[in-house]
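Each chain, letter by letter, is given below.
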Amino acid sequence: MSYFEASARTRIRGLVDAGTFEEFCPPEMRQTSPHLARLNAPLSFDDGVAVGRARLSGHAILIAAQEGRFNGGSVGEVHGAKIRGLLDRALAERPSAVLLLIDSGGVRLHEANAGLIAISEIMRALLSVQAAGIPVFALVGGSCGAFGGMGIVTRLCNEVIMSEQGRLSLSGPEVIETVKGVEEFDSRDRALVWRVTGGKLRRAQGDATRLVEDSIPAFRNAAAELMERYRVHSLPEKSLTDLLADQERLACRNMQFSNARDGQEVWDATLSDSTHVPELSSEEFNQRLLER
Amino acid sequence: MEKFTLTLKSVPAKSRRTTLCGVVSSGNLEVLVEPIGMEDACEIEVSTSAHGFRDIWEAVLNDFAKEHESGGLRLSINDAGATPAVVSLRLSQAFEIASGDAP
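Residues numbered from 1 in each chain as written. Chains lettered and ligands numbered in written order. Predicted model: local features only at pLDDT ≥ 70, side-chain atom pairs only at ≥ 80, totals over all residues. Heavy atoms only, no water.

## Considering the side chain of arginine 108 of chain A
Residues and elements named next belong to chain A.
Then step 1. Following the sequence through the fold, arginine 108 ends up in the loop between strand 4 (97–102) and helix 4 (112–131).
Then step 2. Only 3.0 Å separates the side chain of arginine 108 from the side chain of serine 74, close enough to count as a polar contact.
Then step 3. Apart from the residues lying within four places of it in its own chain, the contact partners of arginine 108 are Ser33, Leu36, Asp47, Phe70, Asn71, Ser74, Val75, Gly76 and His79. (Helix = DSSP H or I, 4+ residues; strand = E, 2+ residues; numbered from the N terminus. Polar contact = N/O pair within 3.5 Å; in protein donor to acceptor, adjacent residues only side chain to side chain. Contact = heavy atoms within 4.5 Å.)

## Here we look at the pattern of salt bridges
Residues and elements named next belong to chain A.
Then step 1. All told, the structure shown has 30 salt bridges over all chains when counted by the stated rule.
Then step 2. Close ionic contact of aspartate 46 with arginine 9 constitutes a salt bridge, the shortest N to O distance being 2.8 Å. A residue pair is termed long-range when its members are at least 10 positions apart, and aspartate 46 in the loop between helix 2 (34–38) and strand 2 (49–56) and arginine 9 in helix 1 (residues 8–15) qualify at 37 residues. Each member of the pair aspartate 46 and arginine 9 is classed as buried.
Then step 3. For aspartate 246, the salt bridge is made with arginine 249, and the minimal N-O distance between the two is 3.6 Å. In this pair, aspartate 246 and arginine 249 are both assigned in helix 10 (residues 240–256), three residues apart and thus about one turn of the helix distant.
Then step 4. Bridged by salt links that share partners, the residues Glu22, Arg53, Arg89 and Glu93 form one connected network. (Salt bridge = Lys/Arg side-chain N within 4 Å of Asp/Glu carboxyl O. Buried < 20%, exposed > 50% of the residue type's maximum accessible area, 1.4 Å probe, protein only.)

## Some thoughts on the sheet that holds strand 6 (residues 159–163) of chain A
All names here are of chain A.
Then step 1. The strand order across the open sheet formed by seven strands is 1-2-3-4-5-6-7, and the pairing between neighbours is mixed. Two strands in the sheet have a free side with no partner beyond their single neighbour: strand 1 (22–24) and strand 7 (210–212). In this sheet, neighbouring strand axes are inclined to one another by 25 degrees on average, regardless of whether the strands run parallel or antiparallel.
Then step 2. Two strands pair when backbone bridges link them, and strand 1 and strand 2 are joined in this way by three bridges, in the antiparallel orientation. (Pairing = 2+ DSSP bridges. Axes fitted to C-alpha atoms, helices over the stretch in contact; angles between N-to-C directions.)

## Describing a nonpolar patch on the surface
Then step 1. Taken together, the side chains of Leu240, Leu243 and Leu244 of chain A define a hydrophobic patch exposed on the protein surface, amounting to about 320 Å² of accessible area.
Then step 2. Checked against the element boundaries, leucine 244 of chain A lands in helix 10. (Patch = residues over 30% accessible without salt bridge, like charges linked within 9 Å, V, L, I, M, F, W, Y side chains within 5 Å. Areas by Shrake-Rupley, 256 points an atom, 1.4 Å probe, with all protein chains shown as cover.)

## Focus: the pairing of strand 2 of chain A
Residues and elements named next belong to chain A.
Then step 1. Counted residue by residue, strand 2 has six buried out of eight residues, so it is predominantly covered.
Then step 2. In the sheet, strand 2 pairs with strand 3 (residues 59–66) via eight bridges, with the strands oriented antiparallel. The partner of arginine 55 across the bridge, within strand 3, is alanine 60.
Then step 3. Counted between consecutive antiparallel strands, the loop separating strand 2 from strand 3 contains two residues, among which serine 57 sits at a positive phi close to 50 degrees.

## Things to note about helix 11 (residues 263–270) of chain A
The periodicity of an α-helix, 3.6 residues per turn, causes residues three or four positions apart to be oriented the same way.
All names here are of chain A.
Then step 1. Within the sequence span of helix 11, burial applies to Gly263, Val266, Trp267 and Thr270. One side of helix 11 carries all its buried residues, which in axial view fall inside an arc of 100 degrees.
Then step 2. On its buried side, helix 11 packs onto helix 7 (190–197), helix 8 (199–205) and helix 12 (282–291).
Then step 3. Where helix 11 begins, the side chain of aspartate 262 points an oxygen toward the backbone nitrogen of glutamine 264, at a separation of 3.1 Å. (Arc of directions from axis to C-beta.)

## Digging into the interface of chain B and chain A
One frequent convention defines the size of an interface as the accessible area lost when the parts assemble.
Then step 1. With 15 residues of chain B at the contact, the number on the chain A side is 14 residues.
Then step 2. Taken together, both faces of the contact between chain B and chain A bury some 1,300 Å²; the carbon and sulfur share is 60%.
Then step 3. Of all residues in chain B, Met1, Leu20 and Val23 of chain B give up the largest surface area on contact with chain A, accounting jointly for 37% of the area buried on that side.
Then step 4. One salt bridge connects arginine 30 of chain A with glutamate 34 of chain B, and the closest N-O pair in it is separated by 2.9 Å.
Then step 5. In this assembly, chain B and chain A are joined by six residue pairs in polar contact (both at pLDDT 80 or more).
Then step 6. At the level of elements, strand 3 (29–35) and strand 5 (73–79) of chain B are the ones that each hand at least two residues to the side of chain B that touches chain A.
Then step 7. At four residues, the largest contribution of residues to the side of chain B that touches chain A is made by strand 5 of chain B.
Then step 8. A breakdown of the residues in the side of chain B that touches chain A according to their chemical character gives six nonpolar, five polar and four charged. (Buried area = accessible area lost by both parts, 1.4 Å probe. Nonpolar A, V, L, I, M, F, W, Y, C, P; charged D, E, K, R; others polar.)

Spelled out as C-alpha cells, the structure:
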C-alpha cells in the first residue's frame with residue numbers, strides 16, 4: 001500500500017504490529033484548536049495529529065503521525081503540544097525509539113506565535129530524548145513533505161527515512177518563488193521541485209539516512225532494521241569533536257554546491273552513474289550511491 | 001461555521017465501537033462515531049464551513065438513519081464543504097467501521 005496516499009491513521013496501522021496501537025488524547029477527547037475555533041475555521045477532533053504507543057517488530061515505540069490533508073499538516077498549539085507531550089513521555093517510558101511520521105508545511109499560520117513556540121518546544125523535547133539515549137526516527141513520504149520548522153525537526157532526528165515522493169527543506173517552493181521570483185525557483189515545475197527537495201536528492205546529500213520505495217511495508221522494514229541496529233549499538237553520545245566534524249562537513253558541502261541550480265548536479269557528484277536518476281527504483285539508486 | 005444537532009429515530013445498533021473516519025480537508029469531512037445512552041435514536045452533530053445547506057443535510061442524514069441501524073450512536077461531523085454524495089459515502093464507511101464490518 002502506498003505510504004504517500006495513506007492517511008496518518010492508516011500509516012500507523014500499517015507500520016506497527018497489528019492491534020498494538022494505543023492512542024493518547026484520542027479524537028473522542030475533542031482536544032481541538034482554540035485558535036481555529038476563534039477564527040471560525042473547520043476543526044479536527046485530533047487537531048491533525050495522532051500520537052500513542054505501539055510495538056514495531058516487537059520493539060516498544062512511541063509514535064506520532066501528522067495528517068497532511070488537514071491544514072497541510074501544520075503545527076498549531078494543540079497539535080504541537082501532542083507531539084511535545086509524546087517526546088516528554090519517552091523520557092519516562094524509555095521506548096526503543098520514537099517515530100515521527102512527518103507530513104507538514106510547518107507552523108500553522110493561523111496560530112502564529114503559539115505555533116512557533118510549539119515547534120521550538122518540540123525541538124527542545126527531541127534533544128532531551130536523544131540526550132537520554134533514545135533514538136528518534138523521522139519518516140517522510142507524504143504529500144506535504146517536511147518543511148519549515150518540521151524540516152528542522154526532521155534534521156534533528158537520528159535517522160531520516162524517506163521515499164522519493166517525500167520532500168525535505170526549509171522554505172517551501174511557493175514561498176521561495178514569492179519572495180525571490182520565478183527565475184530563482186519555478187514552483188510549478190514539479191520535476192524540478194522534486195529534484196531539488198525530494199528523497200533522492202536528500203539521500204545523495206546524506207540528509208536522509210535511508211531511501212525506500214513508496215510503500216508502508218518498506219518504511220516499516222527500514223524502521224525495524226534501524227531499531228535492531230540501535231538495540232545492538234546503543235545511541236553514541238556526540239562529543240564536541242564530532243559536532244565540529246559535522247559542521248566542517250556541512251561547510252564543505254555548502255562550498256561544493258553553492259552554485260548548483262539543480263539536483264542533477266548533486267547526483268553527478270555523488271553517484272557512480274547519474275543518468276536517468278528520476279526513473280530509478282530506490283534499490284537501484286541505493287546501489288549507485290554505494291558504488292561511488 | 002454553521003452548527004446544528006439532530007436526533008433521528010433509528011433501529012438499535014448491534015455493535016458500538018468508537019471510531020474516527022475521514023479527514024477534514026477541502027470537499028471532505030471527518031465523522032466520529034461514539035456510543036451514547038439511547039436505544040432507538042441516533043444523535044448527529046454537524047459543524048460545517050458551508051452555510052445555508054441545512055435542508056440538504058437533513059435529507060442526507062434522515063436517509064442515513066433510515067438505512068442504517070444506528071440507534072444508540074452519536075455521530076459528530078466536522079465538514080469542510082463536502083458534497084451530499086461524499087457525506088453519504090463517508091457516513092456509511094464510518095458506520096461499517098463502527099459496526100466492525102471493515103478494518
